[in-house]
Amino acid sequence: WCSCDCSFSDNGDLSSSQMYLYQRRLPSDVVPLHYDLDLQPNLTTLKFTGSVKIMVNVTQVTKKIVLHSSGLNITKATITSSGGSQEKAVELLEYPLHDQIAVIAPESLLAGQNYTVNLEYSSNLSDTYYGFYKISYKDENSKQRWFAATQFEPLAARSAFPCFDEPALKATFSIRIKRDEKLSTLSNMPKVLLYGNFSSGIVQDEFFVSLKMSTYLVAFVVADLKNISMETNGSLVSVHAIPQHINQVEYALNTTVKLLEFYEKYFLINYPLEKLDLVAIPDFQSGAMENWGLITFRETTLLFDSNASSARDKKLITAVIAHELAHQWFGNLVTMEWWNDLWLNEGFATFMEYFAMEEIFPELHSDEDFLNLIFKAMMKDSLNSSHPVSSAVQSSEQIEEMFDGTLEYSLCIPVLLVLGLTLLMLLALGMGRHLQCYSFQPYGCGCYCVTQVALFYCIAILRPDIDVFYCLNRN
Ligand SMILES: [Zn+2]
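Conventions used here
- Counting of residues starts from 1 at the beginning of each chain's written sequence and follows it residue by residue.
- In keeping with the predicted nature of the model, local features appear solely for residues at pLDDT of at least 70, side-chain atom pairs appear and are counted solely at 80 or more, and the whole-chain, interface and lining totals rest on all residues.
- Side-chain figures throughout are based on the complete set of non-hydrogen atoms in the structure, without hydrogens or water.
- UniProt positions are given in the numbering used here, feature names are shortened, and annotations may be inferred rather than shown by experiment.
- To qualify as a nonpolar core, a set must consist of buried Ala, Val, Leu, Ile, Met, Phe, Trp, Tyr and Cys residues joined through side-chain atoms within 4.5 Å.
- Relative accessibility decides the category of a residue: with a 1.4 Å probe and only protein chains considered, values under 20% of the type maximum give buried, values over 50% give exposed, and everything between is partly exposed.
- For the purposes of this description, domain bounds are those given by an automatic or database domain assignment.
- When a carboxyl oxygen of Asp or Glu is within 4 Å of a side-chain nitrogen of Lys or Arg, the pair counts as a salt bridge.
- Segments assigned H or I by DSSP are reported as helices when at least four residues long, segments assigned E as strands when at least two residues long, and all are numbered from the N terminus.
- Every axis in this analysis is a line fitted to C-alpha atoms, fitted for helices over the stretch in contact. Angles between the N-to-C directions lie between 0 and 180 degrees.
- Angles are sorted into four bins: roughly parallel if under 35 degrees, roughly antiparallel if over 145, roughly perpendicular if 65 to 115, and oblique for all others.
- Here a residue-residue contact requires only that any non-hydrogen atoms of the pair lie within 4.5 Å.
- Residues are grouped as follows: nonpolar covers Ala, Val, Leu, Ile, Met, Phe, Trp, Tyr, Cys and Pro; charged covers Asp, Glu, Lys and Arg; every other residue, Gly included, is treated as polar.
- Planes of paired rings set the category: under 30 degrees apart is stacked, over 60 is edge-to-face and the rest tilted, where pairs are Phe, Tyr or Trp rings (Trp by its six-membered ring) whose centres lie within 6.5 Å.
- Identification of polar contacts relies on pairs of N or O atoms within 3.5 Å, with a donor-acceptor requirement for protein atoms, meaning one able to donate a hydrogen and the other able to accept it, and with residues adjacent in sequence counted only if both atoms are side-chain atoms.

Looking at the Subcellular location (unreviewed entry) heading of the UniProt record, one finds this comment for the chain: "Membrane". Word for word, the UniProt comment on the chain under Sequence similarities (unreviewed entry) is "Belongs to the peptidase M1 family."

Here you go:
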């Protein structure tokens, strides 16, 4: 892809006709540090309003700040310089084809300085299971109820709030959500406090500042939920469901706690958040999504009814939880630098899913499924259409295509095949180092991101007797 800077001239007099100059990738002269996000979803009108204050750091003098926004009606845009309190009006340009907006400052933004971009906006809750979306379901009295949740991976955070929506552009997030007092909200982090005018029936939940994270992992849920919880090693694990299904969450809670304890021991890195929520959503497109601290599931991949569910259901639920929990390390703590290396997330989470299941739940015989998966991969890899695990992707269409289900597996599994089982075990050994290398030390841009090549360097240092680059290049 082209990672060159956007070709704006910095004379500040851009017209909309010059917007074709935008590159698909965001320019590197402005990076986000922190988001203050306020949201007010309305489950009656099915719309939401929001305001976001994004603190950014300018790395090269410029007059423009280019970021993502999709389908948002931006009603106010200003900029504040660091230390200053005066909001200055800005010109706002939009380029919907690339989901981009540009904030044009009245004067040059200086290198090394921080600024805050303030944006107010409104939009509709989506009905596509993507972005900030709504779904309806029937409660125990057959009354229609609404449930709002998010699914941002890969490119939909930009449709819930303007942001620098690329995985390497990590930042911290403070999220506040207004809601009806009868509903609950959840987000990545635990709640700090609840305030509001209780007589009006509207209250506001504020969540703790997050760790540095990618935008695609931000999540929130507003719904009528019940939960059960258990504490393990300093983290509170809770499983949430709509009230009529709360009697089906116990298996998921026990399984999650066992797997979390296993991963903490195996990776030698504790799960870094004080809480982990798993939510069963009555209607959800994919099997589950690994949002940091708030994993969302389709009901059939989380709820287990001891009277009605089968052994096969139990295996599916266990596998999905094992996979999403592995992502809390592979993907969330250490993230691929760009979508071309999605296999680093999905390949490792898939491998760890089977590995953890075999260790903790041998009675489920997931080793048989693993073999099955390998044979399927061999068949796929023998087709002319097979392709390298790390593929060049740039456009939104190419990135979204990687998540269409069939491609995701064909991306991940040939890795297991090409590298071979011996190397796979070596990868498992290298993982600890991979996580240690990149989770706590700034890499490049100062965020915890990794590329395929960087990972293989890590393994090469661990095992100089094996030519890992030979194996890699064979693909
Ligand atoms: Zn995954």
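That shown, we press on.
Caption draft 1: Structural context of the nonpolar core. Membership of the largest hydrophobic core comes to 129 residues, with the highest contact counts inside it found for I65, F147, F161, F164, F220, Y263 and W339. In this structure, this core is formed jointly by two domains, domain 1 (24–224) and domain 2 (227–474), each of which donates at least three residues.

Caption draft 2: Representation of the pattern of salt bridges. Under the counting rule described, the total for this entry stands at 16 salt bridges. Residue D38 pairs with R176 through a salt bridge whose shortest N-O separation is 3.0 Å. On the criterion of sequence distance, the pair formed by D38 in strand β1 (residues 30–42) and R176 in strand β11 (residues 172–180) is long-range, its members being 138 residues apart.

Caption draft 3: Fine view of unusual backbone geometry. Here the bond from E153 into P154 is cis, since omega is 0 degrees, no more than 30 degrees from zero. Looking at the secondary structure, you find P154 in the loop between β10 (144–151) and β11. You will see that Y129, though not glycine, has its phi angle at about 65 degrees, which is positive. Topologically, Y129 is positioned in the loop between β8 (114–124) and β9 (131–138).

Caption draft 4: Representation of the packing of helix α1 (residues 250–267) against helix α3 (residues 342–360) in the model. The contact between α1 and α3 brings their axes to 11 Å, and the two run at 110 degrees. Considering the angle they form, α1 stands roughly perpendicular to α3. In contact with K258, L259, F262, Y263, Y266 and F267 of α1, α3 contributes M352, E353, F355, A356, E359 and I360. Its residues placed into classes, the contact of α1 with α3 shows 9 nonpolar, no polar and 3 charged.

Caption draft 5: Focus on the packing of aromatic side chains. Per the counting criterion, the structure on display carries 22 aromatic pairs. Note on F262 and F355: the rings are 6.3 Å apart at their centroids and 45 degrees apart in plane angle, and the pair reads as tilted. Here F355 lies in helix α3 and F262 lies in helix α1, a separation of 93 residues in the sequence. One exposure class covers both F262 and F355, and it is buried. An aromatic cluster of three or more residues is present, and its members are F262, Y263, Y266, Y271, W329, F351, Y354, F355 and F370.

Caption draft 6: Highlighting the UniProt feature "binding site: Zn(2+)" (unreviewed entry) in the chain. This chain's UniProt record puts "binding site: Zn(2+)" (unreviewed entry) on H323, H327 and E346. The annotated residues occupy 24 residues of the chain but converge on a single region, no pair of C-alpha atoms lying more than 8.8 Å apart. Structurally, H327 can be placed in helix α2 (residues 311–327). Ignoring any residue separated from it by four or fewer positions in sequence, one finds H327 in contact with E290, N332, N345, E346 and A349. Examined against the element boundaries, E346 turns out to sit in helix α3. There is a polar contact of 3.2 Å between the side chain of E346 and the side chain of H327.

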